[in-house]
Amino acid sequence: EPEVTQTPSHQVTQMGQEVILRCVPISNHLYFYWYRQILGQKVEFLVSFYNNEISEKSEIFDDQFSVERPDGSNFTLKIRSTKLEDSAMYFCASSEAGLDSYNEQFFGPGTRLTVL
Amino acid sequence: SQKIEQNSEALNIQEGKTATLTCNYTNYSPAYLQWYRQDPGRGPVFLLLIRENEKEKRKERLKVTFDTTLKQSLFHITASQPADSATYLCATDSGNTPLVFGKGTRLSVIA
């Protein structure tokens with residue numbers, strides 16, 4: 001069964017450093033998302049991406065964040081200068097069609113980011 | 001903006017019983033509600049979606065209802081098993097951002 005994969009599973013970084021989280025969405029999916037989950041809290045939407053551009057973003061997704069689809073398979077989230085409060089699980093998700101079409105989203109296993 | 005509330009943080013039930021989890025939304029009636037399962041340290045896994053014009057949806061031992069009068073969705077697991085132990089998340093659209101999740105209800109099925 002096709003699945004979303006994410007690397008690395010755990011990333012430890014120093015405050016102020018840049019990190020890149022990587023995702024490989026399901027191959028025939030067109031919509032890609034990043035979410036985060038701070039320990040013990042809700043899953044929160046960060047950004048959605050379609051047709052090589054951001055389609056929506058939340059207020060969490062400020063200038064420190066960026067996303068890219070550098071080739072036909074990878075989808076990355078970059079945090080330019082990490083802060084302690086960026087420590088969280090980051091989930092990539094993909095869907096075949098947009099949310100207006102009521103399609104389910106398939107989530108990856110997540111990357112645990114720890115900022116020291 | 002839309003808010004999703006899952007008022008029970010945790011629910012313990014005996015194996016074989018029916019588990020019922022509640023999801024309430026606070027503002028406008030959403031076009032749909034989705035239910036996901038999340039195991040510790042893992043990503044959410046989609047279970048069921050119910051549209052606002054559907055009263056009930058079933059999938060194997062799972063059943064979801066949608067009551068626009070009460071602004072509520074109920075999620076039922078019949079004949080529950082220890083393997084059903086997980087956190088169950090309710091989610092919907094908020095009108096100006098994609099999926100908004102509730103905090104989840106942690107279900108423990110005791111053998």
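The preceding data block contains the structure.
In this text, all values refer to a predicted model and were calculated from it rather than measured experimentally. (Residues numbered from 1 in each chain as written. Chains lettered and ligands numbered in written order. Predicted model: local features only at pLDDT ≥ 70, side-chain atom pairs only at ≥ 80, totals over all residues. Heavy atoms only, no water.)

Caption draft 1: Region of the structure containing the overall build of chain A. Broken down by element type, chain A carries zero helices and eleven strands. For chain A, the α and β elements follow one another from N to C terminus as β-β-β-β-β-β-β-β-β-β-β. Computed over the C-alpha atoms, the radius of gyration of chain A is 13 Å, within 12% of the 13 Å expected from 2.2 N^0.38 for a compact globule of 116 residues. For chain A, the spread of C-alpha atoms along the three principal axes comes to 40 × 30 × 30 Å. For chain A, the residues scored as buried account for 43% of the 116 residues in total. Taking the average location of the 9 positive side-chain charges in chain A and that of its 16 negative ones, the two points are 7 Å from each other. (Helix = DSSP H or I, 4+ residues; strand = E, 2+ residues; numbered from the N terminus. Rg over C-alpha atoms; globule rule 2.2 N^0.38 Å. Buried < 20%, exposed > 50% of the residue type's maximum accessible area, 1.4 Å probe, protein only. Lys, Arg positive; Asp, Glu negative; His and termini not counted. Charge placed at Lys NZ, Arg CZ, Asp CG, Glu CD.)

Caption draft 2: Main features of the packing of aromatic side chains. Scanning the entire structure with this criterion turns up 17 aromatic pairs over all chains. With centroids separated by 5.3 Å and ring planes inclined at 40°, the aromatic side chains of A:F49 and A:F75 adopt a geometry described as tilted. Of this pair, A:F49 sits in strand β5 (residues 43–50) while A:F75 is found in strand β8 (residues 75–79), placing the two residues 26 residues apart along the sequence. What makes A:F49 buried here is its relative accessible area of 5%. Summarising the aromatic geometry, the rings of B:Y36 and B:F46 are spaced 5.6 Å apart at their centres and angled 75° between planes, so their arrangement reads as edge-to-face. Taken together, the residues span a long stretch of sequence, with B:Y36 in strand β4 (residues 32–38) and B:F46 in strand β5 (residues 45–51) at a distance of ten residues. (Phe/Tyr/Trp six-rings, centres within 6.5 Å; stacked < 30°, edge-to-face > 60°.)

Caption draft 3: Just the sheet that holds strand β7 (residues 62–67) of chain B, in detail. Residues and elements named next belong to chain B. Reading across from one edge, β1-β3-β8-β7-β6 is the order of the five strands in this open sheet, with antiparallel pairing throughout. Only two strands of the sheet have a single neighbouring strand rather than two, namely β1 (4–5) and β6 (56–59). With two bridges joining them, β1 and strand β3 (residues 19–25) adopt antiparallel strand pairing. From the neighbouring strand, E5 faces β3, where its bridge partner is N24. (Pairing = 2+ DSSP bridges.)

Caption draft 4: Structural detail: the interface of chain B and chain A. Tallying the contact residues gives 21 residues for chain B and 19 residues for chain A. Buried surface at the junction of chain B and chain A, both sides included, amounts to about 1800 Å², of which 62% is carbon and sulfur. The interface formed by chain B and chain A contains zero salt bridges. At the surface where chain B touches chain A, the tally comes to two residue pairs in polar contact (both at pLDDT 80 or more). Elements that contribute at least two residues to the side of chain B that touches chain A include exactly β4 and β5 of chain B. Take the side of chain B that touches chain A: its biggest share by element is four residues, from β4(B). Each residue belonging to the side of chain B that touches chain A can be placed in one class, and the counts come to eleven nonpolar, seven polar and three charged. (Contact = heavy atoms within 4.5 Å. Buried area = accessible area lost by both parts, 1.4 Å probe. Salt bridge = Lys/Arg side-chain N within 4 Å of Asp/Glu carboxyl O. Polar contact = N/O pair within 3.5 Å; in protein donor to acceptor, adjacent residues only side chain to side chain. Nonpolar A, V, L, I, M, F, W, Y, C, P; charged D, E, K, R; others polar.)

Caption draft 5: How the structure looks around the side chain of A:Q6. Residues and elements named next belong to chain A. Of note, Q6 is situated in strand β1 (residues 5–7). A polar atom in the side chain of Q6 sits 2.9 Å from the backbone oxygen of Y90. At 3.0 Å, the side chain of Q6 and the backbone nitrogen of C92 are in polar contact.

Caption draft 6: Molecular detail of the sheet that holds β1(A). Residue and element names in this part refer to chain A. Spatial strand order, β1-β3-β8-β7: four strands in an open sheet with antiparallel pairing. Strand pairing shows two members of the sheet lacking a second neighbour, β1 and β7 (65–68), which therefore form its edges. Taken pair by pair, the neighbouring strands of this sheet meet at an average axis angle of 20°, ignoring direction. Relative to strand β3 (residues 19–24), β1 runs antiparallel, the two sharing three bridges. Within β3, the position partnered with T5 by the bridge is V24. (Axes fitted to C-alpha atoms, helices over the stretch in contact; angles between N-to-C directions.)

Caption draft 7: Fine view of the pattern of salt bridges. All names here are of chain B. Summed over all chains, the structure comprises six salt bridges over all chains. We note a salt bridge from K63 to E56, for which the minimum N-O separation is 4.0 Å. One network of salt bridges, with partners in common, ties together E56, R58 and K63.

Caption draft 8: Inspection of the state of the cysteines at higher detail. Residue and element names in this part refer to chain B. Tallied over the full model, the rule gives two disulfides over all chains. Shown here is the disulfide that connects C23 with C90, its sulfur atoms set 2.0 Å apart. Looking along the S-S bond of the C23-C90 disulfide, the torsion reads about -65°, which is the left-handed sense. Residue C23 is found in strand β3, and its partner C90 is found in strand β9 (residues 86–92); the two are separated by 67 residues along the sequence. Take C23 and C90: they sit in the same class, and that class is buried. (Disulfide = S-S within 2.5 Å.)

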